[in-house]
Structures are given as C-alpha cells and as structure tokens.
Amino acid sequence: MSFRGSNASSGMGVADHCKATYLELQRKKVHRYVIFKIDEKKKEVVVEKTGGPAESYDDFTASLPENDCRYAIYDFDFVTSENCQKSKIFFIAWSPSVSRIRAKMLYATSKDRFRRELEGIHYEIQATDPTEMDLEVLRERAN
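Residues numbered from 1 in each chain as written. Predicted model: local features only at pLDDT ≥ 70, side-chain atom pairs only at ≥ 80, totals over all residues. Heavy atoms only, no water.

With respect to the pairing of strand β5 (residues 85-94)
Condition: Here the rule is simple: two strands pair whenever DSSP picks up at least two bridges between them. Numbering of helices and strands runs from the N terminus; a helix is a DSSP stretch of H or I covering at least four residues, while a strand is a stretch of E covering at least two. A clockwise path from the first strand over the helix to the second, with the strands pointing away from the viewer, defines a right-handed crossover.
Both strand β4 (residues 70-79) and β5 contribute to a ladder of 10 bridges, which runs antiparallel. Bridging from a neighbouring strand, Tyr74 pairs with Phe90 of β5. In this structure, the hairpin formed by β4 and β5 is closed by a connection of 5 residues, where Asn83 is found at a positive phi of approximately 65°. Sheet analysis places β5 next to strand β6 (residues 123-127), joined by 5 bridges and oriented parallel. The residue of β6 that forms the bridge with Ile92 is Ile125. You can see the chain leave β5, run along helix α4 (residues 101-117) and come back into β6, and the turn it takes is right-handed.

Regarding the side chain of Asp39
Formally: When accessible area is computed with a 1.4 Å probe and restricted to protein chains, residues below 20% of their type maximum are described as buried, those above 50% as exposed, and intermediate ones as partly exposed. Only four residue types enter the tally: Lys and Arg on the positive side, Asp and Glu on the negative side, with His and both chain ends excluded. We define a salt bridge as a contact between a side-chain nitrogen of Lys or Arg and a carboxyl oxygen of Asp or Glu at a distance within 4 Å. Here a polar contact is recorded for every N or O atom pair within 3.5 Å, except that within protein the pair must consist of a potential hydrogen donor and a potential acceptor, and residues adjacent in sequence are included only if both atoms are side-chain atoms. Throughout, a contact is declared for two residues whenever any of their heavy atoms are within 4.5 Å.
You can see Asp39 is positioned in strand β2 (residues 33-39). Here Asp39 is buried and forms no salt bridge, its nearest opposite-charge partner Lys42 lying at an N-O distance of 4.3 Å. Of the polar contacts made by the side chain of Asp39, one reaches the backbone nitrogen of Lys41; its length is 3.0 Å. Not counting the four nearest positions on each side in its chain, Asp39 is found in contact with Glu44 and Val46.

As for helix α2 (residues 16-28)
Applicable threshold: To estimate the expected span of a helix, subtract one from its residue number and multiply by 1.5 Å. Of all possible arcs, the one meant is that of the directions from the helix axis to the C-beta atoms.
Between its first and last C-alpha atoms α2 spans 17 Å; for 13 residues at 1.5 Å apiece the expected length is 18 Å, and the two agree. All buried positions along α2 are accounted for by Cys18, Thr21, Tyr22 and Leu25. End-on, the buried residues of α2 take up no more than an arc of 100°, which puts them together on one face. Looking at α2, the residues exposed on the side facing more than 90 degrees away from the buried face are Asp16, Arg27 and Lys28. In this fold, the buried residues of α2 make contact with β1 (13-14), β2, β3 (44-51), β4, β5 and α4. Where α2 terminates, the next one or two residues include Lys29, which has phi positive at roughly 55°.

Following this line, the structure appears as structure tokens:
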C-alpha cells in the first residue's frame with residue numbers, strides 16, 4: 001500500500017483562514033464556535049462554519065453532522081464557585097461511530113498537526129456520539 005506525499009504521517013495542511021478565524025474566537029470573542037472540515041481536494045483543513053457570540057451550545061452541537069467527522073473549537077463561558085466569570089477553549093474531535101472509516105482515519109491522522117497550529121486551547125475532547133461532549137462534560141472539565 002502506498003501513500004501520497006507526507007499526508008500519511010503529518011496529516012493535511014491548514015488553511016491560513018483557519019488560524020485567523022480561531023484567533024478571532026480566542027482574542028476578540030467574535031465567534032462562540034468554529035467548525036472545521038477537511039477539504040480532500042485541496043488537502044487542507046478549512047473553516048466550514050462559525051457561530052456568533054450569542055449562539056448556544058445546542059446551536060453548536062446541531063451544526064455538527066450526524067454521520068461525518070469534524071474538528072471544532074468551542075469557547076465555553078462559565079461562572080466558578082467563587083463567582084468569577086471564566087472562559088475556556090475546547091478543541092473537539094467529532095468522529096461519529098456511523099461515519100466512514102476513511103473519514104475517521106483521515107481526521108485521526110491529521111488531528112495532532114492541526115491542533116498544534118491553534119495555540120491556547122485549554123481542553124480536548126474526542127467524541128463519537130453526542131453524550132461524550134454533553135454540556136455537563138465541558139462543565140466538569142472546566143472546573
């Protein structure tokens with residue numbers, strides 16, 4: 001079995017727009033979430049969708065496809081037990097169990113390289129079904 005180029009080990013490239021959009025979420029709070037997908041023709045990760053600051057976690061989870069893999073960043077705001085407003089950035093590797101094996105492999109081999117491009121992520125969650133990334137899971141990880 002042969003692999004083209006270095007994609008087998010290092011994963012896909014990352015579009016500059018991905019980093020810029022992530023920085024808008026991280027520094028300017030322009031987005032509540034960003035969903036990324038792999039464009040197989042371009043051989044790179046691209047921004048698929050962004051959610052405005054007023055959008056809820058339910059809006060975010062509804063934006064993820066039921067049967068295909070995605071990467072996502074979610075800016076989780078919460079109040080600590082000391083009554084302090086905090087924000088934590090979650091990287092979510094969404095790989096539903098019903099997605100194609102090829103897609104799962106492609107996203108798995110590209111994840112580490114993509115995540116390294118995005119500095120300042122606090123937590124990572126790998127989810128194969130919605131219960132693994134429930135809002136309660138984020139709350140537990142953030143506290």
